[in-house]
Amino acid sequence: MVVGAGADDVAEVETAARALGLVLTRANADVYPKVPPMQLRALHFVETLAPINLTRLTEELGTIPSSASRLCDRLQAAGLLDRRPATTDRREVEIVLTGEGRALLERLRIARRADMAEVLERMSPEGRAALLHGLREFGIAVERKTEVSA
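Residues numbered from 1 in each chain as written. Predicted model: local features only at pLDDT ≥ 70, side-chain atom pairs only at ≥ 80, totals over all residues. Heavy atoms only, no water.

Looking at unusual backbone geometry
For step 1, the next point in the chain: Residue P51 is bonded to the preceding A50 through a cis peptide linkage, with omega at -5°.
For step 2, the next point in the chain: Along the chain, P51 turns up in the loop between α2 (37-49) and β1 (52-53). (Helix = DSSP H or I, 4+ residues; strand = E, 2+ residues; numbered from the N terminus.)

Here's the deal with the pattern of salt bridges
Oppositely charged side chains may form a pair once their charged atoms are brought near each other.
For step 1, the next point in the chain: By the definition in use, this model includes nine salt bridges.
For step 2, the next point in the chain: Across the pair D115 and R26 runs a salt bridge, and its minimum N-O distance is 2.8 Å. Of this pair, D115 sits in helix α5 (residues 99-121) while R26 sits in helix α1 (residues 7-26), and the two are 89 residues apart along the sequence.
For step 3, the next point in the chain: Residue classification places R26 among the partly exposed positions, given a relative accessible area of 36%. (Salt bridge = Lys/Arg side-chain N within 4 Å of Asp/Glu carboxyl O. Buried < 20%, exposed > 50% of the residue type's maximum accessible area, 1.4 Å probe, protein only.)

Section: the nonpolar core
For step 1, the next point in the chain: By size, the foremost hydrophobic cluster in this structure holds 21 residues, and its most contacted members are V35, L40, L43, L57, L75, I95 and L104.
For step 2, the next point in the chain: Counting only elements with at least two residues in this core, the list comes to α2, α3 (54-61), α4 (65-77), β3 (93-97) and α5.
For step 3, the next point in the chain: For this core, the leading source of residues is α2, giving five residues.
For step 4, the next point in the chain: In contact with L75, other than residues within four places in its own chain, are V35, Q39, A42, L43, L80 and L81. (Core = buried A, V, L, I, M, F, W, Y, C linked by side-chain atoms within 4.5 Å. Contact = heavy atoms within 4.5 Å.)

Right, here's the structure in full:
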């Protein structure tokens with residue numbers, strides 16, 4: 001049940017979020033090397049949460065350890081990430097991006113931003129301002145919900 005927001009509002013936000021998701025994922029097809037979505041998610045987690053170990057990556061991906069390990073094997077074979085002894089406990093293994101992995105994510109960000117800029121240029125200045133205002137408030141609301149859940 002939706003409290004404070006009508007079902008129509010929720011449906012419109014869902015539709016807009018799908019469009020935003022399309023713009024954000026469309027760049028994935030244009031960036032070389034082509035990396036499947038689950039592997040891209042893993043690379044983003046490794047970048048954002050570094051240093052990260054396999055247990056944490058498994059939790060973030062919502063998968064099982066053997067699947068996460070095989071995914072890391074493929075990314076390591078592609079030269080996008082590496083494993084090394086952890087700095088805090090040498091018995092543990094950290095997963096880190098390679099220079100090539102960082103470069104791939106940067107190319108992806110550049111492609112996404114270019115695509116996003118092209119879409120935003122098609123909007124009126126008032127529409128862009130309203131969108132940014134709404135997205136800022138949405139981000140704050142998400143942070144508050146996350147804090148309450150934690």
